[in-house]
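Coordinates in review
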Amino acid sequence: MPKFYITTAIAYTNANPHIGFAMELVQADCLARYHRMIGDEVYFLTGTDEHGMKMAQTAQQAGMETQALVDKNAARYQELAEFLNISNDQFIRTSSAAHKLGAQKLWKAIATNDGFYKAIYEGLYCVGCEAYITEKDLVDGKCPNHKKPPEFFKEENYFFRYSKYLPEVKKAIEEGRLAILPNFRKTEILNLIEESMSEKRDVSFSRPSKTLSWGVPVPDDENQTMYVWCDALSNYITALDYEHDGKLFKKFWPADVHLIGKDILRFHAGYWIAMLLAAKLPLPKAVYVHGYITSEGQKMSKSLGNVVDPFEVGKKYGIEPLRYYLLREIPTADDGDFSVARFEAIYDGELANNLGNLVSRVFTMTEKYSNGKVPSVSKEEHISDKVLETWKQYQTHMENFNLKAAAEEIFALLTFANRYIDEKKPWALAKKEPTEVLKILYHLLELIRHVSFMLMPFLPETSAKIREALHFESAKLYPDNIAWGVLKEGVSVKKIEALFPRQD
Ligand SMILES: [Zn+2]
């Protein structure tokens, strides 16, 4: 059985979950569910990144123990994953003992291969970014991301020999052993890597424990704490019990895809890959980069008051419509916009009218013209070709991580089916040609069964409701269920409530 290991980035617990992380969770969930449906053995990881100076400072300002604060905030992210019906196999937290031990093992592996050296660092540091920042990156003396002046540090650090590994990182990307998707991100990271290569810049991978105590101690050096990115990135293997070279690690590493936001491309396609090379571990197969979400055309910000809260939207419209919007409206690989008008238009147009209406029309006609039972199997007519062609397109898009395009295929098929009904007018045929009506109904019911599979990664609950109504509960596409004519004659079709009740 092929395996599929997928990860999201781990969310930094310094703030409440926002819609961007909700989208990443839903995208990863869609891929994980798809791979389960086609029979792969899937491992799906998400979690929270809980270390760093910023966490400690926030806790201090709130008058809380840092651990208590991260526990509280991590719970919000776990709650979000459950709320969105995310099918993750594990939720890793970097403040856990197991993670720390795994991160230390990775550090030692890198150190054994001479991946580190100690040196004095002198320069500017932005606590907000948890990163050193150069003079030329500043705007009016301030970090452009955080609008705060950086702090000056002079201290002894362990440096990671990043520059030594960069030529190999570059080669792995160029040769496609490590796919960076979409393609324009590959160009972007190759440019960044070339820039780093020309500067021959290594990366500070530790901080003195007196300034950064909230983190993973460097093995055999109690005066140093790991740099947050070194700690955070290792979650992808510590979660698999890399520490003990455990079963999960043996089975699932390397990752099939790391799903990330565009702002952390350099860390994943640069640092992380170099770390793995230094530790002599296999490289992930792909890094897939998604964009950002704006709100009503503007960047989300607290001061504008336009921050979209995934809990709020989900409670108002339902989880499945929210999942659907994030997967179908936001381009999978690019920036997209959250707009209430657009959300409602998609809800009414695609979910209520196209999908909900098709299912209710066909089920009602089955009740009326076929005693509520699946009519005899019909393999004639062009509709089966249309469905099998849709499968081909849909699967190509799913394999290429283009979730939006796959969703559009499903809805094109639904439009086709609704039009098919309008053209065939079964109600007009019912008296004169009842066998013809039964044939049409069989086609439509079988099409709906296929659609319920296609929807499974996107709208898992809706898919389950439809399959339940058809008494077709298998959730595996292979070996038989992708064929045409699988729905059996005589099976009674259960009535279901409107899948997507119209909004008032
Ligand atoms: Zn900053």
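First, a word on scope: everything that follows refers to the structure included in this document. It should be emphasised that the depicted structure is a prediction, and the values quoted were computed from it without experimental measurement. (Residues numbered from 1 in each chain as written. Predicted model: local features only at pLDDT ≥ 70, side-chain atom pairs only at ≥ 80, totals over all residues.)

1. Side note on the overall build of the protein chain
- Counting its secondary structure elements, the protein chain contains 18 helices and 15 strands.
- Computed over C-alpha atoms, the radius of gyration of the protein chain comes to 26 Å, within 12% of the 23 Å expected from 2.2 N^0.38 for 504 residues, which places it in the range of a compact globule.
- Principal-axis analysis of the C-alpha atoms gives the protein chain an extent of 90 × 45 × 40 Å.
- The proportion of buried residues among the 504 residues of the protein chain is 44%.
- Across the protein chain, contacts joining residues at least 24 apart in sequence account for 75% of those joining residues at least 6 apart. (Helix = DSSP H or I, 4+ residues; strand = E, 2+ residues; numbered from the N terminus. Rg over C-alpha atoms; globule rule 2.2 N^0.38 Å. Buried ≥ 20, exposed ≤ 12 C-beta atoms within 10 Å, placed from the backbone. Contact = placed C-beta atoms within 7 Å.)

2. Looking at the pairing of strand β12 (residues 257–261)
- Most of β12 is tucked away: 4 of the 5 residues are buried.
- Of the pairings in the sheet, the one linking strand β1 (residues 3–8) to β12 comprises 3 bridges and is parallel in character. Within β12, the position partnered with threonine 7 by the bridge is histidine 258.
- Inspection of the sheet shows β12 paired to strand β13 (residues 286–290) by 4 bridges, in the parallel sense. In the strand pairing of β13, glycine 261 is matched with histidine 290.
- The parallel pair β12 and β13 is bridged by helix α10 (residues 265–278), and the resulting crossover is right-handed. (Pairing = 2+ DSSP bridges. Right-handed = clockwise from strand over helix to strand, strands pointing away.)

3. A short note on the packing of helix α13 (residues 340–369) against helix α15 (residues 403–424)
- Axis separation between α13 and α15 bottoms out at 10 Å; the angle between their running directions is 50 degrees. Between α13 and α15, the angle is such that the two are oblique. For the element pair α13 and α15, the recorded crossing hand is left-handed. Residues Glu350, Asn354, Leu355, Asn357, Leu358 and Arg361 of α13 form the contact with α15, whose own contacting residues are Phe411, Leu414, Thr415, Ala417, Asn418 and Ile421.
- For the contact of α13 with α15, the class distribution of residues is 6 nonpolar, 4 polar and 2 charged. (Axes fitted to C-alpha atoms, helices over the stretch in contact; angles between N-to-C directions. Parallel < 35°, antiparallel > 145°, perpendicular 65-115°, else oblique. Left-handed = near helix turned anticlockwise from the far one by under 90°. Nonpolar A, V, L, I, M, F, W, Y, C, P; charged D, E, K, R; others polar.)

4. Comments concerning the sheet that holds strand β5 (residues 116–126)
- Taken together, 4 strands build an open sheet; the order of strands is β6-β5-β7-β9 and the sheet is antiparallel. Only two strands of the sheet have a single partner each, and these edge strands are β6 (131–133) and β9 (203–204).
- In terms of strand pairing, strand β7 (residues 151–160) meets β9 through 2 bridges, oriented antiparallel. By the bridge assignment, phenylalanine 159 is partnered in β9 with serine 204.

5. Re the packing of helix α17 (residues 434–455) against helix α18 (residues 460–469)
- Look at α17 against α18: their axes get within 8 Å of each other, and the N-to-C directions meet at 155 degrees. Considering their axes alone, α17 and α18 lie roughly antiparallel with respect to each other. Between α17 and α18 lies a crossing whose hand is left-handed. Here α17 contributes Ile448, Ser452 and Leu455 to the contact with α18, which in turn contributes Thr462, Ser463, Ile466 and Arg467.

6. Quick word on helix α4 (residues 97–112)
- With 16 residues, α4 extends 23 Å between its outermost C-alpha atoms, agreeing within 8% with the 22 Å of an ideal straight helix rising 1.5 Å per residue.
- Restricting attention to buried positions, one finds in α4 the residues His99, Lys100, Gly102, Ala103, Gln104, Leu106, Trp107 and Ile110.
- Of the surrounding elements, those touching the buried residues of α4 are β4 (90–93), β5, β11 (224–226), α7 (228–233), α8 (235–238) and α10.
- Aspartate 114 lies just past α4 and shows a positive phi near 60 degrees. (Expected span 1.5 Å × (residues − 1).)

7. Thoughts on the environment of glycine 115
- Considering the arrangement of structural elements, one finds glycine 115 in the loop between α4 and β5.
- C-alpha of glycine 115 to C-alpha of tyrosine 162: the two residues are 47 residues apart in sequence and 8.1 Å apart in space.
- Discounting residues that sit within four places of it in the chain, glycine 115 has contacts with Ile110, Phe160, Arg161 and Ala278.

8. So, unusual backbone geometry
- Cis rather than trans, the peptide bond between leucine 181 and proline 182 has omega equal to -10 degrees.
- Mapped onto the secondary structure, proline 182 falls in the loop between β8 (179–181) and α6 (183–199).
- Here the amide bond leading from tryptophan 253 into proline 254 is cis, since omega sits at 5 degrees, within 30 degrees of zero.
- Tracing the sequence through the fold places proline 254 in the loop between α9 (247–252) and β12.
- Positioned with a positive phi, lysine 200 is a non-glycine residue whose angle comes to about 50 degrees.
- As for its placement among the helices and strands, lysine 200 is situated in the loop between α6 and β9.
- One non-glycine residue, histidine 471, lies in the positive phi region at around 50 degrees.
- Within the element layout of this structure, histidine 471 appears in the segment after α18.

9. Overview of the environment of glutamine 61
- Here glutamine 61 is to be found in helix α2 (residues 53–61).
- Judged by local crowding, glutamine 61 falls into the exposed class, with 9 C-beta atoms found within 10 Å.
- Sequence spacing of glutamine 61 and cysteine 126 is 65 residues, and the spatial spacing of their C-alpha atoms is 18 Å.

This is a description of form; function is not addressed.
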